[in-house]
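# Remarks on the overall topology
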Amino acid sequence: MSALPPLRLLREPSNASEGNHSNATLGAGSGWCQGLDIPNELFLALGLVSLVENLLVVAAILKNRNLHSPTYYFICCLAVSDMLVSISNLAEMLFMLLLEHGVLVMRPSVVRHMDSVINTLICSSVVSSLSFLGVIAVDRYITIFYALRYHSIMTLQRAMATMAGVWLASTVSSSVLIAYYRSNTILLCLIGFFLFMLVLMLVLYIHMFALARHHLHSISSQQKSPTAHRGGSLKGAVTLTILLGVFFICWGPFFFHLILIVTCPTNPFCTCFFSYFNLFLILIICNSVIDPLIYAFRSQELRRTLREVVTCSW
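Worth saying up front: this structure is predicted, and the values here are computed from it rather than measured.

Cut-offs applied
Residues numbered from 1 in each chain as written. Predicted model: local features only at pLDDT ≥ 70, side-chain atom pairs only at ≥ 80, totals over all residues. Heavy atoms only, no water. Disulfide = S-S within 2.5 Å. Buried < 20%, exposed > 50% of the residue type's maximum accessible area, 1.4 Å probe, protein only. Helix = DSSP H or I, 4+ residues; strand = E, 2+ residues; numbered from the N terminus. Arc of directions from axis to C-beta. Axes fitted to C-alpha atoms, helices over the stretch in contact; angles between N-to-C directions. Parallel < 35°, antiparallel > 145°, perpendicular 65-115°, else oblique. Left-handed = near helix turned anticlockwise from the far one by under 90°. Nonpolar A, V, L, I, M, F, W, Y, C, P; charged D, E, K, R; others polar. Salt bridge = Lys/Arg side-chain N within 4 Å of Asp/Glu carboxyl O. Contact = heavy atoms within 4.5 Å.

## Here we look at the state of the cysteines
Enumeration according to the criterion identifies one disulfide in this entry. Across a sulfur-sulfur distance of 1.8 Å, Cys264 and Cys270 are joined as a disulfide pair. Here the S-S torsion is close to -80 degrees, and the disulfide linking Cys264 with Cys270 is therefore left-handed. With respect to class, Cys264 is no different from Cys270; both count as buried. There is no disulfide at Cys76, and the cysteine sulfur nearest it, in Cys77, is 5.9 Å away. Judged by its relative accessible area of 11%, Cys76 falls in the buried class.

Below, the structure written as structure tokens:
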């Protein structure tokens, strides 16, 4: 088994020699460059919480026929992606612990094969999770701006084709990433994908917020109730801040790390930033924990079904 779990293949630049890395780190000259020692138990705990949360979301959507629509199918796919992130992380951690303590003994060739499979699985789930965040944003945009034509635009067939396309593209791209992760070209493609998703979500959600604010202003003008307008605008602004803030905080540091690998692999500041890589992985797993709270549990229908699932009212 490799010493680096999934995504930790990208912990530091491959073209930086040990000497350069050591000198750069020493050149930073401060204790904060030593990074954070995050225990495996925290990875395991967050992985279990995320697994349970997202499993409940999938079960609730499958149980309730009222939730069998493109919108909830996309949310279900996001939950599956986040669930795979958790499963892959848990499997990798347990696999490494069993190997390190001699409980599990395997030939090196088998270990390498298992390592590649798990690496591909978690990278695929991360890429698909990002993709479905973008798909959900597009779906919400169509719901708001093309409400009367939504069912003709987002048909079940198109939704299924979209989901299949995302899963296929995620699997292929993750396989390429694992095979050529030392190539700056691959890293630039991954960075470009993140920036595209960030810009897409910014543009769509800000446009949706602007339209909602305009409608609230029109309603408050007719009813002569500026308090309702301010309250609605504040609620919309808070929702927008949560959506984009969580996305940027959870994913931003990891992709900024990739940018530094490409642009300044031996710079003292950059090498200090590299030492916090485990923290960036924790943030990605935290995103899998937070996604159900933002995209699923806010639905009253889904919450009602969730209570039935928890109490086994099938």
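## Quick word on helix H11 (residues 300-310)
For H11, the set of buried residues is Leu302, Thr305, Leu306 and Val309. The buried side chains of H11 occupy one side of the element, clustering within an arc of 110 degrees when seen end-on. The exposed set on the far side of H11, more than 90 degrees from its buried face, consists of Gln300 and Arg307. After H11 finishes, the residue Cys312 shows a positive phi value of roughly 60 degrees.

## A few points about the packing of helix H3 (residues 70-100) against helix H4 (residues 108-145)
Axis separation between H3 and H4 bottoms out at 8 Å; the angle between their running directions is 155 degrees. It follows that H3 is roughly antiparallel to H4 by the angle criterion. When the axes of H3 and H4 are compared, the crossing they make is left-handed. When the residues that make up the contact of H3 with H4 are grouped by side-chain class, the tally is 18 nonpolar, eight polar and four charged.

## Some details on the pattern of salt bridges
Evaluation of the coordinates by the stated rule reveals three salt bridges. Between Lys63 and Glu308 there is a salt bridge whose closest N-O contact spans 2.8 Å. On the criterion of sequence distance, the pair formed by Lys63 in helix H2 (residues 40-63) and Glu308 in helix H11 is long-range, its members being 245 residues apart. Relative accessible area serves as the criterion here: at 22%, Lys63 is assigned to the partly exposed category. For Glu301, the salt bridge goes to Arg304, with nearest N and O atoms at 2.9 Å. With a gap of three residues between them, Glu301 and Arg304 both fall in helix H11, about one helical turn apart. The class of Arg304 is partly exposed, set by a relative accessible area of 34%. Connected through shared salt-bridge partners, Lys63, Glu301, Arg304 and Glu308 make up one network.

## What to know about the packing of H3 against helix H6 (residues 156-179)
One can describe the packing of H3 onto H6 by two numbers: an axis separation of 10 Å at closest approach and a directional angle of 15 degrees. Viewed along their axes, H3 and H6 adopt a mutual orientation that is roughly parallel. Relative to H6, the crossing made by H3 is right-handed. Side by side, H3 and H6 meet where Pro70, Tyr73, Phe74, Cys77, Val80, Ser81 and Leu84 of the first sit next to Leu156, Ala159, Met160, Thr162, Met163 and Trp167 of the second. Partitioning the contact of H3 with H6 into residue classes produces 11 nonpolar, two polar and no charged.

Any functional reading would require information that these geometric values do not contain.
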